[in-house]
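# Structure assessment
Take a look at the letters that make up each chain.
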Amino acid sequence: MHKFTKTLAMAGFAVLMSHSAMAETMKLGFLVKQPEEPWFQTEWKFADKAGKDLNFQVIKIAVPDGEKTLNAIDSLAANGAKGFVICTPDPRLGPAIMAKARSYDMKVIQVDDQFVNSKGKPMEEVPLVMMAATKIGERQGQELYKEMQKRGWNVADTGVMAITADELDTARRRTSGAMDALKAAGFPEKQIYKIPTKSNDIPGALDAGNSLLVQHPKVKNWLILGMNDNTVLGGVRATEGQGFKAANVIGIGINGVDAVNELSKDEQTGFYGSLLPSPDIHGYKSIQMLYEWVSKDVKPPKFTEVTDVVLITRDNFKVELKKKGLM
Ligand code: GLA
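Just so it is clear, the structure is predicted and the values come from calculations on it, not from any experiment.

What counts, and at which threshold
- Residues numbered from 1 in each chain as written.
- Predicted model: local features only at pLDDT ≥ 70, side-chain atom pairs only at ≥ 80, totals over all residues.
- Heavy atoms only, no water.
- Pairing = 2+ DSSP bridges.
- Helix = DSSP H or I, 4+ residues; strand = E, 2+ residues; numbered from the N terminus.
- Axes fitted to C-alpha atoms, helices over the stretch in contact; angles between N-to-C directions.
- Contact = heavy atoms within 4.5 Å.
- Polar contact = N/O pair within 3.5 Å; in protein donor to acceptor, adjacent residues only side chain to side chain.
- UniProt positions renumbered as here; feature names shortened; annotations may be inferred.
- Parallel < 35°, antiparallel > 145°, perpendicular 65-115°, else oblique.
- Left-handed = near helix turned anticlockwise from the far one by under 90°.
- Nonpolar A, V, L, I, M, F, W, Y, C, P; charged D, E, K, R; others polar.
- Expected span 1.5 Å × (residues − 1).
- Buried < 20%, exposed > 50% of the residue type's maximum accessible area, 1.4 Å probe, protein only.
- Arc of directions from axis to C-beta.

### Some words on the sheet that holds strand 8 (residues 221-226)
One open sheet accounts for six strands, arranged 7-6-8-9-10-12; its pairing is mixed. Bordering the open sheet on either side are strand 7 (192-196) and strand 12 (310-313), each of which pairs with just one other strand. Ignoring which end each strand starts from, the neighbouring axes of this sheet average 20° apart. Direction of pairing for strand 10 (residues 271-276) relative to strand 12: antiparallel, over a ladder of four bridges. Counterpart to Gly-273 in the pairing with strand 12 is Thr-313. Strand contacts of helix 8 (residues 229-241): strand 6 (158-164), strand 8, strand 9 (249-254) and strand 10, with the helix running at about 155° to strand 8, the strand carrying the most contacts.

Shown next as structure tokens:
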């Protein structure tokens, strides 16, 4: 009898042990819209680093569309995740994402792209980690202007190819910032040409760039701006396809980590450089805040703006990326 009780107690202890072991490794999701972009791969990598440092497991899921997003939340719930960080494939999914998360009692932090409600207004009640979009866009415009002057271009022969994605607020703010900075520097407004891209990738921007170029056959030199590296790369590829030399094109992207292949090429292309923000901080900080929220009930701030940015070109990209542990 005594032995039996002891065995029972041991079994109970074993159950307790495994329960507490389970409780130790908390699971948190990190959902991104475009896992093929090094930007998002970097966020994932640094989210994992936070998981190692703070002892939680990161479940990483690609969510290129609405259906995959909602399925991902179901599968997170089935895995016992307590919340997730997300860069949504479409800001308008915000209400559906939040309704589903709430049904599972999961906490949500948005990164990069902000949800909008059914009225198209930003869902400011959901904590957000985001780059300083307007400021970084302004810097893009200033750097384009500076490089144009350095090359001694005749402004009258120069056009701005502005590849836009206005339905995404962070994109609209970046490209508006860039155009405003160019105007403020003295670039003629009527030579700034806007063209929307159908998709936020190189092929989409290439199409946009091509259709813009045929509308302005007299322009000899192009300044190219867009919301990220891939949009600017698409624009640069369009100029190459229509016979422009690298010397007559200045493209400056945003993201930095997505420009490494281009900047590593043997010859300089029309892609002059990129503004590198901090995907490492976006990845680490967003999930760290989620962890503290879930485990210690520390509510994250509604808005965390990541401001620091550096211009990388062929000359300094290796050094700058190494400084941030990104290469
Ligand atoms: C958007 C873009 C990404 C990247 C992030 C940064 O999500 O699509 O390429 O620039 O913003 O916040």
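Next, the rest of the story.
### Notes on the side chain of Lys-33
As for its placement among the helices and strands, Lys-33 is situated in the loop between strand 1 (26-32) and helix 2 (38-54). Only 2.7 Å separates the side chain of Lys-33 from the side chain of Asp-113, close enough to count as a polar contact. In this structure, Lys-33 is in contact with Phe-40, Val-63, Pro-64, Cys-87, Thr-88, Pro-89, Asp-113 and Leu-168, ignoring residues within four places of it in sequence.

### Some thoughts on the UniProt feature "domain: Periplasmic binding protein/LacI sugar binding" (unreviewed entry) in the chain
In the numbering used here, UniProt assigns the feature "domain: Periplasmic binding protein/LacI sugar binding" (unreviewed entry) to residues 26-318. End C-alpha to end C-alpha, residues 26-318 measures 36 Å, and it is 43% helix and 23% strand.

### Quick look at the packing of helix 3 (residues 66-78) against helix 4 (residues 94-103)
How two helices sit against one another is set out by the angle between their axes and by the gap between those axes. Helix 4 packs onto helix 3 with a crossing angle of 15° between their chain directions and a minimal axis gap of 10 Å. As summarised for this structure, helix 3 and helix 4 are arranged roughly parallel, according to the angle between their axes. The handedness of the crossing between helix 3 and helix 4 is right-handed. Here Thr-69, Leu-70, Ile-73 and Asp-74 of helix 3 lie close against helix 4, whose contacting residues are Ala-96, Ile-97, Lys-100 and Ala-101. Residues that form the contact of helix 3 with helix 4 fall into these classes: five nonpolar, one polar and two charged.

### Here we look at helix 7 (residues 202-215)
The terminal C-alpha atoms of helix 7 lie 20 Å apart, and with 14 residues this matches the ideal 20 Å at 1.5 Å per residue to within 8%. Listing the buried residues of helix 7 in full gives Gly-204, Ala-205, Ala-208, Gly-209, Leu-212 and Leu-213. All buried residues of helix 7 fall inside an arc of 160° around its axis, so they share one side. In helix 7, those exposed residues whose orientation departs by more than 90 degrees from the buried face are Pro-203, Asp-207 and Val-214. The inward-facing, buried residues of helix 7 abut strand 6, strand 7, strand 8 and helix 8.

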